[in-house]
Amino acid sequence: MGKSQKYDHMKLIRQYAGGHKALITLGRCLAAVSAVMTLIPYYLMWKIIRVAVNGENLNSITVYAIMAVALIVGALLVYIAALLCTHIAAFRVQANMRSSLMKRIITLPLGVFDEDGTGKIRRIVNDSTAATETYIAHTLADKAVAAVTPIGLLVLVFVFNWKIGLICMIPALLGFVCMMFMMGSNMQKKMKEYQDALETMSSEATEYVRGVPVVKTFGQTVHSFKRFKNCIDAYGKWTTEYTLMLRFPMMGFMTCINAIFAALIIASFIFTRNGVDNAIILNVMYYIIITPLVTVALTKIAYSGEAEMNLIDALKRVEKIMEIAPLKEGESNERPTDYSIEAKNVTYRYKDATRNALENVSFSIKQGEHVALVGPSGSGKTTMAELLVRFFDVTDGEICIGGVNVKDMPSAYLLEHVSFVFQDSRLIKKSILENVRMGKPDASEDEVIEALKKAQCMDIIEKLPNGIHTVIGEKGTYLSGGEQQRITIARAILKDAPILILDEATAFADPDNETRVQAAFDEMSKDKTLIMIAHRLSTVKDADRIFVMNDGKCVEAGNHDELMRFDGLYKRMFEEYSKSVEWKVGA
Ligand code: ADP
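Residues numbered from 1 in each chain as written. Predicted model: local features only at pLDDT ≥ 70, side-chain atom pairs only at ≥ 80, totals over all residues. Heavy atoms only, no water.

Another aspect to go through is the site of the ligand. Around the ligand, the surrounding shell holds eleven residues, and the nearest of these are Gly378, Gly380, Lys381, Thr382 and Thr383. Here an oxygen atom of the ligand sits 2.4 Å away from a polar atom, N or O, in the side chain of Thr382. Between an oxygen atom of the ligand and a side-chain N or O atom of Thr383, the distance comes to 2.5 Å. Computed on the free molecule, the ligand has an accessible area of 560 Å², of which 64% lies beneath the protein chains in the complex. The element that contributes the greatest number of residues to the shell around the ligand is helix H11 (residues 381-388), accounting for three residues. Its residues assigned to classes, the shell around the ligand shows three nonpolar, six polar and two charged. (Near = heavy atom within 4 Å. Polar contact = N/O pair within 3.5 Å; in protein donor to acceptor, adjacent residues only side chain to side chain. Areas by Shrake-Rupley, 256 points an atom, 1.4 Å probe, with all protein chains shown as cover. Helix = DSSP H or I, 4+ residues; strand = E, 2+ residues; numbered from the N terminus. Nonpolar A, V, L, I, M, F, W, Y, C, P; charged D, E, K, R; others polar.)

Over its twelve residues, helix H9 (residues 260-271) extends 16 Å from the first C-alpha to the last, a length consistent with the 16 Å expected when each residue adds 1.5 Å. Within the span of H9, buried status applies to Ile260, Ala263, Leu264, Ala267 and Ser268. Axial view of H9: buried residues confined to an arc of 145°, hence all on one face. (Expected span 1.5 Å × (residues − 1). Buried < 20%, exposed > 50% of the residue type's maximum accessible area, 1.4 Å probe, protein only. Arc of directions from axis to C-beta.)

Domain annotation of the protein chain identifies domain 1 (9-322) and domain 2 (341-582). For domain 1 and domain 2, the distance between their C-alpha centroids amounts to 52 Å. (Domains from an automatic or database assignment.)

Let us look at the packing of helix H3 (residues 59-107) against helix H10 (residues 278-323). It is at 9 Å that the axes of H3 and H10 come closest, and there the two elements cross at 30°. It follows from the interaxial angle that H3 and H10 lie roughly parallel. Where H3 crosses over H10, the two elements pack in a sense that is left-handed. Note on element contacts: H10 touches H3 through Leu315, Val318, Ile321, Met322 and Glu323, opposite Met97, Ser100, Leu101, Arg104 and Ile105. Here the residues of the contact of H3 with H10 are counted per class, giving seven nonpolar, one polar and two charged. (Axes fitted to C-alpha atoms, helices over the stretch in contact; angles between N-to-C directions. Parallel < 35°, antiparallel > 145°, perpendicular 65-115°, else oblique. Left-handed = near helix turned anticlockwise from the far one by under 90°. Contact = heavy atoms within 4.5 Å.)

Assignment of secondary structure puts Leu173 in helix H6 (residues 162-182). Residue Leu173 is classed as exposed on the basis of its relative accessible area of 58%. For the pair Leu173 and Asn559, spaced 386 residues apart in sequence, the C-alpha separation works out to 81 Å.

Spatially, the four strands line up as an open sheet ordered S2-S1-S4-S5, and their pairing is antiparallel. Two strands in the sheet have a free side with no partner beyond their single neighbour: strand S2 (358-365) and strand S5 (404-405). The sheet contact formed by strand S1 (residues 341-348) and S2 spans five bridges and is antiparallel. Looking across to S2, one finds that Tyr348 is bridged to Leu358. (Pairing = 2+ DSSP bridges.)

Glancing now at H11. Among the eight residues of H11, seven are classified as buried, and the element is accordingly described as predominantly covered. For H11, the full list of buried residues reads Lys381, Thr383, Met384, Ala385, Glu386, Leu387 and Leu388. At the exit of H11 stands Arg390, carrying a positive phi of roughly 60°.

So, in structure tokens, the structure goes:
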């Protein structure tokens, strides 16, 4: 346990428990009382054996037995009361933790969800809080018992015949050493690795399932499984190594704690060498009954230690989310004079990255202008678009809309005036009507239908059982990636924001969908300032201006004809693109 002990997990738990923290203390005290009550009957048992062995007043056996049963029943009731307290507190802690996390998550920059993966965050909100709940509800009471029982047991073991007690304690002591060895400081690190592996697997599984439409569209097979498979393999390797590492200490622990009986037999032989008397019979019988308790106590200590490490790991994960700085709310009352956009020396570096994703990018876009961002994959197009809507804040430089820095605008104002449709814009599990209405909460049904028409979605609506009232993702209602994107376009059309950021779809490339998505894009971008991340160069020819990105820098800017004359990266990309299109047609 070592270092982990310094981490004050109980302080954090008490903070989350709020007004219920007294219940945690009460629960632990009651559990300790019940542990003491459970031990007293063993003393009564000794008395019963003594009466039986010495042939004393046999009636007293009944009295002792009734007292023992009453104490056991009482201990059980007290323990139930303890669990009741810890459970109520645990549910409260879990609820408070989840609501604090959700409150914090909603204030985080949107980019955090890209960086950390929604699967990982979901796992923390669900599983880490559930682990905390289990710990408080069950393990805390067990820990109180595990703390009190050894003291009581030591008294019970040494008071009647310390010599037999000492011999019995030798294997228990060795078992304890093995346990400490297992729980060395490395254990907390191992627990973290274990939870990390589970977390990666869960997030890869989520991403994999989400990617199934793309996998199917492109007829991919084992390659698309690769990352998922790798993390399962890594998990398998880790668990095997870990199990092998613990093989000997665990064998030692189990052997020792179950060998107390053997020690008792040896002790009996030693102490009956010079003949058997009543006292020795009494003690041996008593120790036969009491020693299995030592085994149970040590097992409980081992398991509650492991549960505590799991808890510490879960709490650290929760804290990691709580420590992410929320998006700083812009407080300026200054409002944009128009819907032009200006990037001034924008530099951005992702968390933990070794190089800048964007470096000194500057450009200005007039209100109503349609511009395209093009460039090789990884050149920084998406990052640039995301910075504009404050998925993250720039590392250096500034981005202004109508002369006002986006950082200074209240985020609600910014999001109200900018619509974005990214490739992975997702729909939530609600009706199409509600999904589209998110763009304008007070929109009438007719307005929603009008937006759906403009976004070329009517063919989708017609084939759904309940039209716009069909809940997406329920009873097998499935929309393809392209169809989902058209619905998100309808949402953006309804929102009618003056600035649009579009990420052209490439993944869902069935030709019918593509034409419709393109038509929907055209409809929504009329009279708007438009930034489009373009993947197919055929669609950017008509753009007012094209910014060519390469390696995080804006290397060329101009319209199609100008850039073709310039004879640079754009021209090369365009020629290659034309060749690939011809090649496809030829094929
Ligand atoms: P594009 O949209 O042009 O394909 P991106 O803006 O997605 O390019 O990426 C620009 C650079 O930033 C790339 O080198 C990419 O690897 C890196 N990058 C993108 N997203 C992240 C992220 N979440 N964390 C770390 N690096 C990232």
